[in-house]
Structures are given as C-alpha cells and as structure tokens.
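For reference, the chains in residue letters:
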Amino acid sequence: MVVVAILWAICFPFISVGLPDAPPLLFAALRAFLAGAFLIAIGMKFGRKFDCSFRRLVMLALIGFSYTGMGLGGMFLGAGNVGPGVATVLANAQPLFAAILSVFVLKEVITARLYLGLFIGFVGVVVLALPGFDFGTDRFVGALYVLLGAVGTAIGNVLLKLQAGEGDVYLPMGIQLILGAAFLLFASLLAGEGFEVDWTWSFAGVVFVLAVPATALMVVLWYELLARAPLNKLNPFTFLTPVFGLLIGALFFDETFSAVEITGIAITVVGLIVIIIVPNQEKRVA
C-alpha cells in the first residue's frame with residue numbers, strides 16, 4: 001500500500017508537466033489507453049485466460065467508466081485550475097466516500113476506531129492543504145471536477161473489490177483501462193478539445209511514466225491487495241499520497257516544509273497508526 005501511495009503521488013507533478021502539451025481529457029485518455037494496452041500485452045504474453053461472460057464485461061465497463069473515466073477525467077480537468085492544496089483535499093476524500101459505499105454494497109465491518117482513523121487522516125490532509133486554499137471562480141469549477149473524480153474513484157474501488165480475486169488480473173484491468181480510455185476520448189470529442197498534441201520527448205516520457213508505473217503497475221498492485229484485505233483497511237493508506245507528494249517536491253523540486261505541513265504529515269501518520277492497530281475483535285459500528 002505504501003508503494004501504491006507513492007505511485008499515486010508521482011502523478012501530480014507529471015500531470016502538471018504534461019498539461020501544456022495536450023488537452024486534459026485527451027491526455028488522460030492517452031494515459032489510460034497505453035496502460036491498458038501494456039497490461040493486455042502482458043496477459044496475452046503469459047497466456048492468461050479471461051472470463052468473457054456478459055456480467056463480467058458489464059462490470060468492467062462500469063469500472064472503466066467510474067474508476068478510470070471519472071477518476072482520471074476529474075483529476076486531469078481539475079489539475080489545470082485547482083491549486084495543489086484544494087486538489088489534495090478533495091482527491092483524498094475518496095476513502096470517506098468509499099467507506100460509506102462499502103457499508104451498503106460490500107457489507108464491510110466499520111468500527112469506531114476505523115472511523116476515527118479515517119477522520120484523523122482526512123484532518124491531516126486538510127492541514128497539509130491549508131496553505132494552498134484559494135477559492136476563485138476557476139478554482140471552484142476545478143474543485144468540482146476533482147471532487148467528481150474522487151467520487152468516481154470511490155465507486156470504482158467498491159466495484160473492484162467485488163471483482164477482486166476472480167481469476168487473472170492483467171486482462172480484466174487492461175480491458176477496464178481501455179474502456180475507460182474510450183469514455184475519456186468520447187468526452188474529449190464532446191468537449192471539442194481536438195487532437196493537437198505536442199509530442200516532445202518530455203511529453204512522451206511523461207505519458208510513459210503516468211501510464212506504466214503510475215497506472216498499470218499501480219492498478220495491478222491495488223487489485224491484488226483488494227483480493228487480500230477489506231477496502232476500508234486499505235483505502236486510508238491513500239492519505240499518504242500528499243505526504244509523499246511533499247517529499248517528492250523537497251527532493252526533486254527544492255521545496256521546503258512549513259510548520260503547517262509538518263503538522264499535517266504528523267496528523268496523517270497518527271490516523272494511519274490508529275487504523276493499522278485496529279484489533280481483530282472490536283465493536284461493530286456499521
């Protein structure tokens with residue numbers, strides 16, 4: 001889960017680098033398509049089998065629309081208008097949405113301590129984001145996009161949990177990414193973005209990093225983890241994403257930590273500790 005959080009964290013700087021060279025939805029579609037093609041190629045290489053039943057294809061289409069289409073679409077559309085603080089807060093509201101959905105869909109056990117850990121972790125992310133809050137008109141619209149993406153990711157995670165452990169991982173995850181790319185491309189056409197992409201070496205490198213390690217590898221790890229543990233025990237680790245984002249900024253972009261950011265990191269870690277030490281037998285809340 002720490003590796004998954006790191007892979008999510010590297011997305012934000014790379015998206016910022018690549019946005020000037022391509023329209024946001026088309027950029028997101030390129031990322032999803034390359035990642036999906038990569039996973040399908042691996043699955044075919046190793047002769048993996050895939051359940052082509054109508055039910056499975058419909059489920060993958062729903063996952064592709066929510067997890068990939070809405071999730072990546074909201075992220076890329078919001079990245080151009082929302083400061084990193086607001087984007088971080090809204091994107092990391094995803095575990096809270098997923099926790100609510102999991103109660104009704106997955107029938108997962110939600111304990112008081114898990115709720116407390118989720119709340120503390122989210123407070124830590126809010127504190128981390130405080131220096132970046134700035135609500136203008138463009139930022140408000142961008143915030144709505146990021147929030148929509150967080151909702152889509154939460155829905156997709158619940159659907160992924162329903163599928164986790166059912167056979168191969170490479171082909172189904174590759175197919176849902178391709179379907180998500182198709183949704184994003186259709187949305188790009190509806191938005192009239194056009195196909196003007198500045199294929200510089202820098203942009204090609206950005207697309208590769210976002211598609212292969214930050215998407216293909218990440219979703220494989222995430223899918224395998226979902227097959228082994230409850231969603232609400234895994235999802236809070238995504239609160240580490242902004243923490244790693246700050247570390248990446250300090251190591252590679254010469255950013256420094258403020259007292260507020262250090263406080264936010266500490267609160268986030270406390271929330272994760274509360275969740276990690278949840279005992280096996282505890283009073284059930286939902």
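Quick summary incoming for the structure in this document. All of these numbers come straight from a predicted model, not from anything done at the bench.

1. Topic: helix H9 (residues 170-190)
Right, so step 1: For H9, with 21 residues, the first-to-last C-alpha span of 30 Å sits near the 30 Å given by 1.5 Å per residue.
Right, so step 2: Listing the buried residues of H9 in full gives Leu 171, Pro 172, Met 173, Gly 174, Ile 175, Gln 176, Leu 177, Gly 180, Ala 181, Leu 184 and Ser 188.
Right, so step 3: Positive backbone phi, approximately 70°, marks Gly 192, located one or two places after H9.

2. Digging into a nonpolar patch on the surface
Right, so step 1: Residues Ile 100, Leu 101, Phe 104, Val 105, Ile 155 and Leu 162 make up a contiguous nonpolar surface patch of about 510 Å² in total accessible area.
Right, so step 2: Taken together, the elements giving at least two residues each to the nonpolar patch come down to helix H6 (94-105) and helix H8 (137-163).
Right, so step 3: Top contributing element to the nonpolar patch by residue count: H6, with 4 residues.
Right, so step 4: As for its position among the elements, Leu 162 is in helix H8.
Right, so step 5: Its relative accessible area of 34% is what places Leu 162 among the partly exposed residues.

3. Quick notes on the side chain of Thr 215
Right, so step 1: With respect to the helices and strands, the residue Thr 215 is situated in helix H10 (residues 201-226).
Right, so step 2: In this structure the side chain of Thr 215 is engaged in a polar contact, spanning 2.6 Å, whose partner is the backbone oxygen of Leu 210.

4. Things to note about the side chain of Asp 21
Right, so step 1: For Asp 21, the location among the structural elements is in the loop between helix H2 (11-18) and helix H3 (24-45).
Right, so step 2: Buried and unpaired, Asp 21 has Arg 31 as its nearest opposite-charge partner, separated by 15 Å.
Right, so step 3: When neighbours within four sequence positions are excluded, Asp 21 is seen to be in contact with Glu 196, Val 197, Asp 198, Thr 200 and Phe 203.

The rules behind these values
- Residues numbered from 1 in each chain as written.
- Predicted model: local features only at pLDDT ≥ 70, side-chain atom pairs only at ≥ 80, totals over all residues.
- Heavy atoms only, no water.
- Helix = DSSP H or I, 4+ residues; strand = E, 2+ residues; numbered from the N terminus.
- Expected span 1.5 Å × (residues − 1).
- Buried < 20%, exposed > 50% of the residue type's maximum accessible area, 1.4 Å probe, protein only.
- Patch = residues over 30% accessible without salt bridge, like charges linked within 9 Å, V, L, I, M, F, W, Y side chains within 5 Å.
- Areas by Shrake-Rupley, 256 points an atom, 1.4 Å probe, with all protein chains shown as cover.
- Salt bridge = Lys/Arg side-chain N within 4 Å of Asp/Glu carboxyl O.
- Polar contact = N/O pair within 3.5 Å; in protein donor to acceptor, adjacent residues only side chain to side chain.
- Lys, Arg positive; Asp, Glu negative; His and termini not counted.
- Contact = heavy atoms within 4.5 Å.

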